[in-house]
Amino acid sequence: MRIINLKKKVKLGLSLCCGKKVPIEQQESQTMSGEAVRLHNQGRHVVMDNGIVQVTLSNPDGIITGIRYNGIDNLLEPLNAEHNRGYWDLVWSGPGVKGTFDVIKGTDFRVIVENEELVELSFMRTWDPSLEGKCVPLNIDKRFVMLCGSSGIYSYAIYEHLKDWPDFEIGETRITFKLSKDKFQYMAIADNRQRCMPLPDDRMSGRCQTLAFAEAVLLLDPKNKELAGEVDDKYQYSCMNKDIQVHGWVCNDPPVGFWQITPSDEFRSGGPLKQSLTSHVGPTTLAIFLSSHYAGQDLDPKFRGGEPWKKVFGPVFIYLNSAPIRDDPFFLWEDAKRQMMAEVQSWPYSFPASEDFQKSDQRGNVSGRLLILDRYVSEDITPANDAYVGLAPPGDVGSWQRECKDYQFWTRADNRGYFSIKNIRSGTYNLYAWVPGYIGDYRCEAVINITSGCFTEMGDLVYEPPRDGPTLWEIGIPDRSAAEFYVPDPDPKYINKLYVNHPDRFRQYGLWSRYTELYSDADLVYTVGVSDYSKDWFFAQVPRQKDNTHVGTTWQIKSKLNIVDRNGTYKLRVAIASATLAEMQVRINDPNSRRPLFTTGLIGRDNSVARHGIHGIYWLFNINVPGAQLVEGDNTIFLTQPRCTSPFQGLIAIVLYHQESTTAVEAAVVAAGRRVIMPPIGVQLLIQDRYVMMDNGFVQVTLSKPEGIVTGIRYNGLDNLLEIRNEETNRGYWDLVWSEASTGTTGIFDVIKGTEFEVIVENDDQVELSFKRTWDPSQEGKLVPLNIDKRFVMVRGSSGFYSYAIYEHLQAWPAFQIGETRIAFKLRKDKFHYMAMADNRQRYMPLPDDRLPPRGQPLAYPEAVLLTNPIEPELKGEVDDKYQYSCDNKDNRVHGWICTDPPVGLWQITPSNEFRSGGPVKQNLTSHVGPTTLAMFLSAHYTGEDLVPKFTAGEYWKKVFGPVFMYVNSEYAGNDPLVSLWEDAKLQMMIEVQSWPYSFPASEDFPKSDQRGNISGRLLIQDRYISDDYISANGAYVGLAPPGEVGSWQRECKVTEVWTE
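Each chain carries its own residue numbering, running from 1 in the direction its sequence is written. For this predicted model, a pLDDT threshold of at least 70 governs which residues receive local features, and a threshold of 80 or more governs which side-chain atom pairs are given and counted, while totals over whole chains, interfaces and linings are taken from all residues. Side-chain measures were taken over the full set of non-hydrogen atoms in the model, leaving aside hydrogen atoms and water.

## Topic: the pattern of salt bridges
In step 1: The salt bridge criterion pairs a side-chain nitrogen of Lys or Arg with a carboxyl oxygen of Asp or Glu, the two atoms within 4 Å. Enumeration over the complete set of coordinates arrives at 63 salt bridges.
In step 2: Glu117 serves as the salt-bridge partner of Arg1018, at 3.2 Å between the closest nitrogen and oxygen. Of the two residues, Arg1018 is situated in strand E71 (residues 1018–1022) and Glu117 in the loop between strand E8 (108–114) and strand E9 (118–125); the sequence distance between them amounts to 901 residues.
In step 3: In this structure, Lys986 and Asp839 form a salt bridge, with 2.6 Å as the shortest nitrogen-oxygen distance. Separated by 147 residues along the polypeptide, Lys986 in helix H5 (residues 977–994) and Asp839 in the loop between strand E58 (832–838) and strand E59 (841–844) bring together distant segments of the chain. Here a helix means four or more residues in a row that DSSP labels H or I, a strand means two or more in a row labelled E, and each is numbered from the N terminus.

This is the structure we're talking about:
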């Protein structure tokens, strides 16, 4: 921490701040920079400079030739020609002509905006008929924007094809940055996808061996000898659109990060699952807007018949940061992720000057709820949990995945099926969706017209998955990916060490050739009810190598039917996640029949096999199987992929469903390993003498009556997630520490037990229960003088339950103080051994017995023990202390535990800090050995008596704590639960945060969204000993708290505080 002993003034204005977060821990001259944005026109070059970063562009080309930052003269490769450093490019062609690569160079330079807050430059290239056949028929206006106080630069472009201009198509368009290879050698694209990279020289002849697919090389003699024997291929670092939000490079000396941040997917093609390149050896960083990677020509926009077209790509943000800590790229990566979130929250930006970029007030919003009706599972509807819901141009069902000319807007539904899509450009759309766990696509037939400022409520939409009868068997999970199938280990000669024991193991090179090694003599045979698709179904049906050639492959599916309706029709549904110049032929019980029952014909140009993808364009085929072709007893389906001119041809993720027709009489037989569909029931309430139980078909919660102690949580086959050996009062409870008026932080520990039980809400969508404890003067000195109303809420389709409480101290009641209040859950110690509270703070934990003598030795501070003889020997010699897992309030949003058998997570999610004391950097406990999970509301930890609320006699007080959400999740075979359950919990946390304030709490003391207000402004700093100018207060914590002295908020512990950064 740097402490500067200077007096500073701050100024609060009412304008929106255009500045962005200053890089972490920059040198003082930069951190304190309050310089206006300056523009210098040097003839052949123009320079934008805001005192933090200086960007040089060629004039009028609009190529970024230099980026000066943090003492480095140029972050880009100075050995490259100027036009090969930072540029927009595209690949285009006329109809039927090979594509041409074009670095887009402007011919007309204009200053669009120039003031102290903002400079925006335009580099325009205008097409005219004299250029036909030589240049892509587009007017292209490249824009570059620099803001005061911003550590980076924005760029966007407007592409326009006028009416009656020539036909053409675009294979790719993007922004490319070539960084200094001497400086940037560490690359990061995700928390678990970052590493030291080879140099570009390592990919040259003599240092590497080119492999079967042109982009891949084997490193033989790299300059970094630790990389020898690894494969490098830029496609190993591809990501889905939904995940490409920030990626880039780190320089260690000096510590500097270069990051490409994409705050919105609206201008990308192909929807949220479309894969694109990110960063790769060069060092190169890309912002891809259009590409045919993992899709083929279906995603090349084609313009015919003089079609007019205009589209805005971007803005994207090139963010630069620095740190005093050497060799710690994770530090810069974490800051880049925070900046990414700030950019996402600022979208759509207000600063772009082009009228073609619509601002927030020109856009509209759509919300609704997506439900599923699958009559052969249940007559009831069930929420479309985690559905992908989006708006795209009007078209057929599923047309969004091939849409590449216009804009798309996507979101995920919550666990009740509710969705909200915000900031949609004006225009005409269809609403599309698909639901993980269900085959097929949904499209709402109504055309949606978005106008400026509109709020369109779609109501309840119902998706009926394709269905002709009950399911006989199913292979795989309908998630448009092959992740659940068998992905083999790579040949040890061709590995990328990043992907060893990695969830993305499919990104290893050469996995297609492993099929021949595993099935050298005969092809795959899968027996329903016996085989396990995670072990016995190869992720891709590819050709098998034989001698020096390749041959087609025929896979067999064996199943048994006890009864066959010979006059009926059965349905075989085949979902394919990717295809590359492949074909699937289907035969029933006769592999030698000259004509197959069904063939797809030649489909797909995704090239996902060669490019280490797990999916591409999704295909669904519904095949009628005459009952006359089936027999009672054993049946075999033959799937032949005959195309074999290349080892890269094939089909990925063939998910199959065999269903009866409505005339068939065979009872539904579910294959082993089939994904379980939870019963879509409403919330049910069962009231017994001593207990009350809430059940929504996902989770079942039992509470004691009238105490309101959570005694049991039943989920995913586990009768109770809580510790059954504990007394019922010591499983899941609200508690507090209180004392009569005095000093200090200690007091009486009180597990809060209700004395009155009441059902507040009971219907199919929600149950809310109250367990109330009322104080009266006869209890003075024995019980905390508070009325406490504990509430528990379960909603339909939710994988968990909510809890909140209203504390009230009435006038004329005695003085007292509260040292702590919280919710505590004690989980099963035989099940929950892995704890997680952050991406980089998770581990296997000791057992509670390990803390007791003789297994644990108490240390100087009573909470800490040295593990001398733990049950798990690997933990021997470690210290365990619950305070080692504390977090700041601002970071204490999701934490919990994972059971690996079965794979289940229990998570405490706090969607808001408004009811916590002490502000955003107050630290609190989270989870610790027990296994225990806490939701802390008030505590003196890390502060002492200052944060113990003290109430005088007769002082009136009321406060709502919560709601918080207890979320439970599970994982299916094939994924690493320690990764997938934590990632899912983080996603659920974001959904809960976005849903705040909740609309469901029945108490009038919890204000809903329409009962709350908003405030905005701009914070500036004036430090006359640094500069006479005002400086943007980048990264400042700004909050509302009760009136008081300067800094009084950090000791405020009675009333609500609301903070932002």
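## Concerning the environment of Arg425
In step 1: In this structure, Arg425 sits in the loop between strand E30 (418–424) and strand E31 (427–434).
In step 2: When the C-alpha atoms of Arg425 and Glu266 are compared, they prove to be 9.0 Å apart, with 159 residues separating the residues in sequence.
In step 3: Not counting chain neighbours up to four residues away, the residues in contact with Arg425 comprise Glu266, Asp356, Phe357, Gln358, Arg363, Tyr407, Phe409 and Ile450. Residue contacts are defined here by distance: any two heavy atoms, one from each residue, within 4.5 Å place the two residues in contact.

## Topic: the layout of surface pockets
In step 1: Points on a 1 Å grid over protein atoms alone make up a cavity when a 1.4 Å probe fits among them but cannot get out, and a pocket when they form an open set with protein on both sides within 12 Å along at least five of seven lines; lining residues each have an atom within 4 Å of a point. Grid points are joined across faces, edges and corners, and a volume is the space filled by probe spheres set on the points. Taken as a whole, the second largest pocket encloses approximately 690 Å³ of empty space.
In step 2: Together, 30 residues line the second largest pocket, and Ser292, Gly296, Gln297, Asp300 and Arg611 are the ones closest to its centre.
In step 3: Put simply, the parts of the chain that give the lining of the second largest pocket at least two residues each are strand E6 (86–93), strand E12 (168–178) and strand E40 (569–582).
In step 4: The element that contributes the greatest number of residues to the lining of the second largest pocket is E12, accounting for 5 residues.
In step 5: Any residue that is not Ala, Val, Leu, Ile, Met, Phe, Trp, Tyr, Cys, Pro, Asp, Glu, Lys or Arg is counted as polar, Gly included; the first ten are nonpolar and the last four charged. Counted by class, the lining of the second largest pocket contains 8 nonpolar, 13 polar and 9 charged residues.

## Some words on a nonpolar patch on the surface
In step 1: Exposure above 30% relative accessible area and no salt bridge define the residues that can form patches, which grow by joining like charges within 9 Å and nonpolar side chains of Val, Leu, Ile, Met, Phe, Trp and Tyr within 5 Å. Note that accessible areas follow from Shrake-Rupley with a 1.4 Å probe, and for residues the cover is restricted to the protein chains shown. A grouping of Ile1015, Leu1040 and Val1058 is seen on the molecular surface, where their side chains present a nonpolar patch of about 310 Å² in accessible area.
In step 2: Its place among the elements puts Ile1015 in the loop between H5 and E71.
In step 3: Categorising residues by exposure relies on relative accessible area from a 1.4 Å probe, with only protein chains included: less than 20% of the type maximum marks a residue as buried, more than 50% marks it as exposed, and the intermediate range marks it as partly exposed. With a relative accessible area of 66%, Ile1015 lands in the exposed category.

## What about the pairing of E8?
In step 1: Here, any two strands with at least 2 DSSP bridges between them count as paired. Sheet analysis places E8 next to E9, joined by 6 bridges and oriented antiparallel. Directly across from Arg110, in E9, lies its bridge partner Ser122.
In step 2: Hairpin connection from E8 to E9: 3 residues lie between these consecutive antiparallel strands.

## Describing the sheet that holds strand E39 (residues 553–561)
In step 1: An order of E35-E39-E45-E41-E42 is seen for the 5 strands of this open sheet, with the pairing classed as mixed. Of all the strands in the sheet, the pair left with one neighbour each is strand E35 (525–527) and strand E42 (598–599).
In step 2: Pairing between strand E41 (residues 585–588) and strand E45 (residues 633–641): 4 bridges, direction antiparallel. Residue pairing in the sheet places Val586 in a bridge with Leu639 of E45.

## Some words on the pairing of strand E20 (residues 255–261)
In step 1: Of all 7 residues in E20, 7 are buried; the element is thus mostly enclosed.
In step 2: Of the two faces of E20, the one holding Pro255, Gly257, Trp259 and Ile261 and the one holding Val256, Phe258 and Gln260 are both buried throughout.
In step 3: In the sheet, strand E19 (residues 246–252) pairs with E20 via 7 bridges, with the strands oriented antiparallel. Note that in E20 the partner of Gly248 across the bridge is Trp259.

## Here's the deal with a negative patch on the surface
In step 1: The sign given to each residue is positive for Lys and Arg and negative for Asp and Glu; His and the chain ends receive no count. Think of each charge as sitting on NZ of Lys, CZ of Arg, CG of Asp or CD of Glu. On the surface, Glu379, Asp380, Glu457, Asp460, Asp764 and Asp765 cluster together into a negatively charged patch.
In step 2: When you line up the elements, Glu379 lands in the loop between strand E26 (364–372) and strand E27 (382–383).

## Focus: the side chain of Ser608
In step 1: Checked against the element boundaries, Ser608 lands in the loop between strand E43 (603–605) and strand E44 (619–626).
In step 2: A residue is classified by how much of its surface remains accessible, and Ser608, at 0% relative accessible area, is buried.
In step 3: Dropping the residues within four chain positions of it, Ser608 is found in contact with Tyr294, Ser578, Thr580, Gly613, His615, Gly616 and Ile652.

## Topic: the environment of Ser291
In step 1: Along the polypeptide, Ser291 turns up in strand E23 (residues 284–291).
In step 2: Judged by relative accessible area, Ser291 falls into the buried class, the value being 1%.
In step 3: Along the sequence, Ser291 and Leu277 sit 14 residues apart, while their C-alpha atoms lie 9.1 Å from each other.
In step 4: Setting aside residues up to four positions removed in sequence, Ser291 forms contacts with Gly171, Glu172, Ser269, Lys274, Gln275, Ser276 and Leu299.
In step 5: Within the local environment of Ser291, its side chain forms a polar contact with the side chain of Lys274, the two groups lying 2.9 Å apart.
In step 6: There is a polar contact of 3.5 Å between the side chain of Ser291 and the backbone nitrogen of His293. Polar contact criterion, stated in full: a pair of N or O atoms within 3.5 Å, where within protein one must be able to donate a hydrogen and the other to accept it, and residues adjacent in sequence count only if both atoms are side-chain atoms.

## Some words on the packing of aromatic side chains
In step 1: The pairing test for Phe, Tyr and Trp rings, Trp by its six-membered ring, is centres within 6.5 Å, and the orientation test on the planes gives stacked under 30 degrees, edge-to-face over 60, and tilted for anything in between. Summed over the entire model, instances satisfying the criterion amount to 69 aromatic pairs.
In step 2: When the ring of Tyr154 is compared with that of Tyr349, the centres are 5.1 Å apart and the planes differ by 75°; the resulting orientation is edge-to-face. Taken as a pair, Tyr154 in strand E11 (residues 152–161) and Tyr349 in the loop between helix H2 (329–345) and E26 lie far apart in primary sequence, 195 residues in all.
In step 3: The exposure class of Tyr154 is buried, given its relative accessible area of 0%.

## Considerations on helix H3 (residues 511–518)
In step 1: Considered for burial, the residues of H3 that qualify are Leu511, Trp512, Arg514, Tyr515 and Thr516.
In step 2: On the buried face of H3, the contacting elements are strand E37 (544–546) and E39.

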